[in-house]
Amino acid sequence: MKSLKLITSLFTFSLVITTCAQNNDVQITTHKLTENIYMLEGQGGNIGVSVGDDGVFMIDSQFGHLTPKILEAIKTLSDKPIKFLANTHHHGDHTGGNENIAKLNTTIIAHDNVYKRVKDNPKQNDTSLPVITFNDKLSLYINGEQILIFHLDNAHTDGDAMLFFTESNVLHSGDTFFSGRYPYIDLKSGGSVNGYIQAIKSALILIDVDTKIIPGHGNLSNKQDYSTFLKMLETLKEKVETEIANGKTEYEVATNTALTKTYDDLDYGCCFISSEKIRRTLYNGLKE
Ligand SMILES: [Zn+2]
């Protein structure tokens with residue numbers, strides 16, 4: 001028994017070491033999209049940055065422990081202060097750095113429901129909260145252009161926002177786009193399968209073939225990639241709806257690998273959401 005305990009504690013210890021090592025290993029990669037807009041990749045949701053005479057405008061903050069590295073990366077792009085930080089939704093891999101950034105006198109902007117969900121999260125401090133919130137849409141004029149910030153009803157969560165840089169033709173889609181992979185649809189936080197599909201369609205109306213898209217997760221993308229992602233979701237939705245209509249149970253859908261095979265073969269189950277998880281989500285989201 002004693003040795004079992006020792007093995008267990010050793011295992012836990014090595015796990016902690018590994019996690020720390022992974023965190024220390026995270027590098028922030030900067031991609032230049034236009035003269036003054038960048039995408040920052042690290043761990044968690046992709047960050048968007050606009051720099052210019054008015055200051056830095058930032059979208060999402062990843063995890064708190066990465067803030068020093070993120071700030072270092074932004075410093076190489078601009079020596080101006082970060083004036084605004086907009087959150088695309090409340091998840092910790094997009095808002096985890098809010099508290100640190102707020103200390104720099106940065107104003108945080110997000111949808112009303114992001115405020116509520118961050119406020120209700122015992123793991124997050126009140127300084128992580130947005131200071132400006134909106135219910136539908138908001139316009140911001142900074143660094144020579146208008147930024148449209150607009151809410152999508154019940155998509156990835158109930159507080160999603162997309163941001164469109166009208167002059168630069170850059171869209172940050174938030175987590176309504178997991179480029180080349182299965183999406184997380186957070187049904188427990190007000191997300192919905194049909195709302196998610198509708199959100200993508202709303203974005204596709206707004207953008208054109210030249211638009212550069214910063215997806216919530218995955219590589220820098222374009223309209224074609226976003227349309228392919230929509231097609232995947234609509235195809236799987238139809239298949240799962242047929243299963244539901246035929247009286248199949250959640251277990252039967254979750255274990256039916258044939259439903260997602262085409263996209264599994266393209267490695268859509270690579271990352272956070274496995275093929276089983278997406279079949280389960282679609283089942284639960286469409287069952288009602
Ligand atoms: Zn998310």
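Residues numbered from 1 in each chain as written. Predicted model: local features only at pLDDT ≥ 70, side-chain atom pairs only at ≥ 80, totals over all residues.

Visitor: Now, about the overall build of the protein: what can you tell me, with residues and values included?
Guide: Per the secondary structure count, the protein includes 10 helices and 12 strands. In terms of C-alpha radius of gyration, the protein reaches 20 Å, essentially the compact-globule figure of 19 Å for 288 residues. If one aligns the C-alpha atoms of the protein with their principal axes, the spans along those axes are about 60 × 60 × 35 Å. For the protein, the proportion of its 288 residues judged to be buried stands at 42%. (Helix = DSSP H or I, 4+ residues; strand = E, 2+ residues; numbered from the N terminus. Rg over C-alpha atoms; globule rule 2.2 N^0.38 Å. Buried ≥ 20, exposed ≤ 12 C-beta atoms within 10 Å, placed from the backbone.)

Visitor: Describe the environment of Ala245, and please don't skip the residues or the numbers.
Guide: Structurally, the position occupied by Ala245 is in helix α7 (residues 223-245). In sequence terms Ala245 and Lys287 are 42 residues apart; their C-alpha atoms lie 9.2 Å from each other.

Visitor: I'd like a description of the sheet that holds strand β1 (residues 29-32), backed by residues and values.
Guide: Strand pairing in a sheet is mediated by backbone hydrogen bonds. Such pairs are either parallel or antiparallel. Taken together, 7 strands build an open sheet; the order of strands is β1-β2-β3-β4-β5-β6-β7 and the sheet is mixed. In the strand order of this sheet, the two ends are held by β1 and β7 (132-134), each with one partner. For this sheet, the mean inter-axis angle between neighbouring strands, taken without regard to orientation, is 20°. Looking at chain direction, strand β5 (residues 82-86) and strand β6 (residues 107-111) are connected through 3 bridges and run parallel. Within the sheet, the bridge partner assigned to Leu85 lies in β6 and is Ile108. Along the sheet face, helix α5 (residues 112-120) touches β6 and β7 and points at about 105° away from the line of β6. (Pairing = 2+ DSSP bridges. Axes fitted to C-alpha atoms, helices over the stretch in contact; angles between N-to-C directions. Contact = placed C-beta atoms within 7 Å.)

Visitor: So what's going on with the sheet that holds strand β10 (residues 160-165)? Residues and values would help.
Guide: Strand order in the open sheet formed by 5 strands is β8-β9-β10-β11-β12, with mixed pairing between adjacent strands. In the strand order of this sheet, the two ends are held by β8 (137-142) and β12 (212-217), each with one partner. Geometrically, the sheet is characterised by an average inter-axis angle of 25° between neighbouring strands, direction not taken into account. Pairing analysis gives 6 bridges linking strand β9 (residues 145-152) to β10, with the strands arranged antiparallel. Bridging across to β10, His151 finds its partner in Ala161.

Visitor: Can you break down the environment of Val51 residue by residue, with the values?
Guide: Along the chain, Val51 falls in the loop between β3 (47-50) and β4 (56-59). Once the C-alpha coordinates of Val51 and Gly247 are considered, the two residues, 196 residues apart in sequence, prove to be 54 Å apart. What Val51 contacts, discounting residues up to four positions off in sequence, is Asn36, Val56, Leu77, Ser78, Lys80 and Asn143.

Geometry only, nothing functional implied.
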